[in-house]
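# An overview of the molecular structure
This is what each chain is made of:
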Amino acid sequence: MPKTIYETIYKDLKQKIEHDVFAYQELLPSENTLVQAYGCSRNTLRRAVSQLVMDGYVQTMQGKGVRNIYQPFDQAVFTIGEIESFRESAVRNGRATSTKVVLFTEFAVDEKLSLYTGFAAGTEIYYIQRLHFLDDLPLILNHNYFLKSIAQGLTPKIAEQSIYAYLEQVLHVAIVTSKRTMTVEKMTEIDGKYLDLGDCNCLAVVSSQTYNGDGVMFEYTQSRHRPDYFCFRDNATRHP
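Scope of this entry: the structure provided in the associated data block. Since this is a predicted model, take the numbers as computed values, not measurements.

Conventions we followed
- Residues numbered from 1 in each chain as written.
- Predicted model: local features only at pLDDT ≥ 70, side-chain atom pairs only at ≥ 80, totals over all residues.
- Heavy atoms only, no water.
- Helix = DSSP H or I, 4+ residues; strand = E, 2+ residues; numbered from the N terminus.
- Buried < 20%, exposed > 50% of the residue type's maximum accessible area, 1.4 Å probe, protein only.
- Contact = heavy atoms within 4.5 Å.
- Pairing = 2+ DSSP bridges.
- Axes fitted to C-alpha atoms, helices over the stretch in contact; angles between N-to-C directions.
- Polar contact = N/O pair within 3.5 Å; in protein donor to acceptor, adjacent residues only side chain to side chain.
- Core = buried A, V, L, I, M, F, W, Y, C linked by side-chain atoms within 4.5 Å.
- Phe/Tyr/Trp six-rings, centres within 6.5 Å; stacked < 30°, edge-to-face > 60°.
- Lys NZ or Arg CZ within 6 Å of the ring centre and 35° of its normal.
- Parallel < 35°, antiparallel > 145°, perpendicular 65-115°, else oblique.
- Left-handed = near helix turned anticlockwise from the far one by under 90°.
- Nonpolar A, V, L, I, M, F, W, Y, C, P; charged D, E, K, R; others polar.

What follows concerns the overall build of the protein chain. On a plain count of helices and strands, the protein chain comes out with eight helices and 10 strands. A total of 240 residues make up the protein chain; the buried ones form 42% of that total. Pairs at least 24 apart in sequence give 60% of the contacts found in the protein chain among residues at least 6 apart.

The strand order β4-β5-β6-β9-β8-β7 describes an open sheet built from six strands, whose pairing is antiparallel. Each edge of the open sheet carries a strand with a single partner, namely β4 (97–108) and β7 (175–186). For this sheet, the mean angle separating the axes of adjacent strands, direction not counted, is 15°.

What follows covers the side chain of His-143. Within the secondary structure, His-143 sits in strand β6 (residues 137–147). Judged by relative accessible area, His-143 falls into the buried class, the value being 10%. Reaching out from His-143, the side chain makes a polar contact with the side chain of Tyr-127 at a distance of 2.8 Å. Those residues within four positions of His-143 in sequence are excluded, and the remaining contacts are Tyr-127, Ile-128, Gln-129, Ile-190, Tyr-220, Thr-221, Gln-222 and Arg-224.

Let us look at the nonpolar core. Membership of the largest hydrophobic core comes to 26 residues, with the highest contact counts inside it found for Phe-119, Phe-146, Leu-154 and Leu-167. At the level of secondary structure, the elements contributing two or more residues to this core comprise β5 (124–134), β6, α6 (156–159), α7 (163–170) and β9 (217–225). Residues within four places of Phe-119 in sequence aside, it is in contact with Val-109, Ser-114, Ile-125, Tyr-145, Leu-147, Met-217, Phe-218, Glu-219 and Tyr-220. Ile-17, Val-49, Val-58 and Val-66 belong to the second largest nonpolar core, which has 18 residues in total.

Taken as a whole and judged by the stated rule, the model has eight aromatic pairs. Taken together, a centroid distance of 5.3 Å and an interplanar angle of 65° make the contact between Tyr-116 and Tyr-220 edge-to-face. Of the two residues, Tyr-116 sits in helix α5 (residues 111–117) while Tyr-220 sits in strand β9, which places them 104 residues apart along the sequence. Judged by its relative accessible area of 38%, Tyr-116 is partly exposed. On the basis of relative accessible area, Tyr-220 is assigned to the buried category, the value being 6%. Among the aromatic residues, those joined into a cluster by ring pairs are Phe-107, Tyr-116, Tyr-127, Tyr-145 and Tyr-220. Positioned above the aromatic ring of Tyr-126 is the side chain of Lys-148, whose terminal nitrogen or guanidinium carbon lies 5.6 Å from the ring centre.

What follows concerns the packing of helix α1 (residues 5–18) against helix α3 (residues 42–54). Between α1 and α3, the least distance of the axes is 8 Å, while the angle of their chain directions is 50°. The orientation of α1 relative to α3 falls into the category oblique. For the element pair α1 and α3, the recorded crossing hand is right-handed. Residues Ile-5, Tyr-6, Ile-9, Tyr-10, Leu-13, Lys-14 and Ile-17 of α1 touch α3, and the partners they reach there are Thr-44, Leu-45, Arg-47, Ala-48, Gln-51 and Leu-52. By residue class, the composition of the contact of α1 with α3 is nine nonpolar, two polar and two charged.

The subject of this paragraph is the pairing of strand β2 (residues 65–68). In this sheet, β2 lies alongside strand β1 (residues 58–61) in antiparallel orientation, the contact comprising four bridges. Its bridge partner lying in β2, Val-58 is registered against Asn-68. Between the end of β1 and the start of β2, which pair antiparallel, lie three residues, with Gly-63 showing a positive phi angle near 80°.

Here we come to the environment of Thr-8. Note that Thr-8 resides in helix α1. Measuring from C-alpha to C-alpha, the distance between Thr-8 and Ala-48 comes to 8.5 Å, with 40 residues separating the pair along the chain.

What follows is the structure in structure tokens.
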């Protein structure tokens, strides 16, 4: 699916903010300047800026302009309100990354797993355990459940790269919505087997149900993180 003009502008502005092209607390170039630079309409530019506001990168000020309010974090940051792959998050955080598939299998969902994941009993799925490394440390263990009818042809080799890139670029799946729950849980035997947990005996766990453009849930993932290496960020605005 081709990217829209506003997405291209949004990602370019976001990258410039993250790389300090626009310094913290400074105003971005004027709307007229940006419209001319990107060769777009005002509405397109405003849509891109609105997305940056939602992400907590900028703040619009009536009659003054758009101010950069982004500040980088020392820890790897995952954004709660955005659907982003592990690889995309690592690149944004400037971290070296790799992924190892420790289990790849296929089966039908039973009644117990149906209650756990949200997939209907009898649904054919891929089940994958993936170990994510940041700077050569095994810090995240993902339990991925993908709907076979959507993620057709998925393989361990693909899973060690980027499943989302495969879905979007090869299968042309529109990844639209993700419902997420965050918990803190005690480490399990499998966590201790694969993860470098240091002195930690618990993990930050993000469970997500992700839907395509037709409203079909094609993924359930439980992502288990060593807590002292990550923070999870959202942005909120107050409405009068």
